[in-house]
Amino acid sequence: MKICSVCKKISATDQDHLDCVQRRSIEMEDEDFKNSIPEKLNLSKDNQELGVEVRAILEHMTKEKEKAD
Ligand SMILES: [Zn+2]
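Everything quoted here is computed from the prediction, not taken from an experiment.

Chemist: Residue-level account of the coordination of the zinc ion, with values.
Modeler: For the zinc ion, the full set of protein donor atoms is Cys4 (SG), Cys7 (SG), His17 (ND1) and Cys20 (SG), at a range of 1.9 to 2.4 Å. Its four donor atoms give the zinc ion angles of 102 to 115° at the centre, a pattern that matches the tetrahedral case. Binding-site remark: the zinc ion is held by donors from one chain whose sequence spacing is C-x2-C-x9-H-x2-C. Taken together, the positions of Cys7 in the loop between β1 (2-3) and β2 (10-11) and His17 in the loop between β2 and α1 (18-43) put the pair ten residues apart, joining distant regions of the chain. Exposure remark for His17: the relative accessible area of 21% places this residue in the partly exposed category.

Chemist: Describe the pattern of salt bridges, with residues and values.
Modeler: Pairs can form between side chains of opposite charge once their charged atoms are near each other. This structure, assessed with the given rule, holds three salt bridges. A salt bridge links Asp16 to Lys2; the shortest N-O distance between them is 3.6 Å. Separated by 14 residues along the polypeptide, Asp16 in the loop between β2 and α1 and Lys2 in strand β1 bring together distant segments of the chain. Overall, Asp16 belongs to the buried group, its relative accessible area being 15%. Taking the relative accessible area as the measure of exposure, Lys2 reaches 31% and is therefore partly exposed.

Chemist: So what about the side chain of Ser11? Which residues, and what values?
Modeler: Note on placement: Ser11 falls in strand β2. Here Gln15 takes part through its backbone oxygen, which lies 2.7 Å from a polar atom of the side chain of Ser11. Ignoring any residue separated from it by four or fewer positions in sequence, one finds Ser11 in contact with Met1, Lys2, Cys4, Asp16 and His17.

What counts and what doesn't
Residues numbered from 1 in each chain as written. Predicted model: local features only at pLDDT ≥ 70, side-chain atom pairs only at ≥ 80, totals over all residues. Heavy atoms only, no water. Donors = N, O, S within 2.8 Å, 3.2 Å for Na, K, Ca; no water. Tetrahedral: all angles 85-135°; square planar, octahedral: opposite > 155°, others 65-115°. Helix = DSSP H or I, 4+ residues; strand = E, 2+ residues; numbered from the N terminus. Buried < 20%, exposed > 50% of the residue type's maximum accessible area, 1.4 Å probe, protein only. Salt bridge = Lys/Arg side-chain N within 4 Å of Asp/Glu carboxyl O. Polar contact = N/O pair within 3.5 Å; in protein donor to acceptor, adjacent residues only side chain to side chain. Contact = heavy atoms within 4.5 Å.

Next comes the structure, spelled out in structure tokens:
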């Protein structure tokens, strides 16, 4: 008998529960996928263009604020 390393419950076989192992691998893939999204966004041209627009808006707002002062 063995303690399943995923759910920490006793496994009847000498292996981790098969469904636990599968669930863990899906979660890890999911995590990898989430981690890869910011990378993809940073590399995307659209995101850079959006950054320029946002910066222009922020500069505009800063100027407006200076006028108000
Ligand atoms: Zn398990």
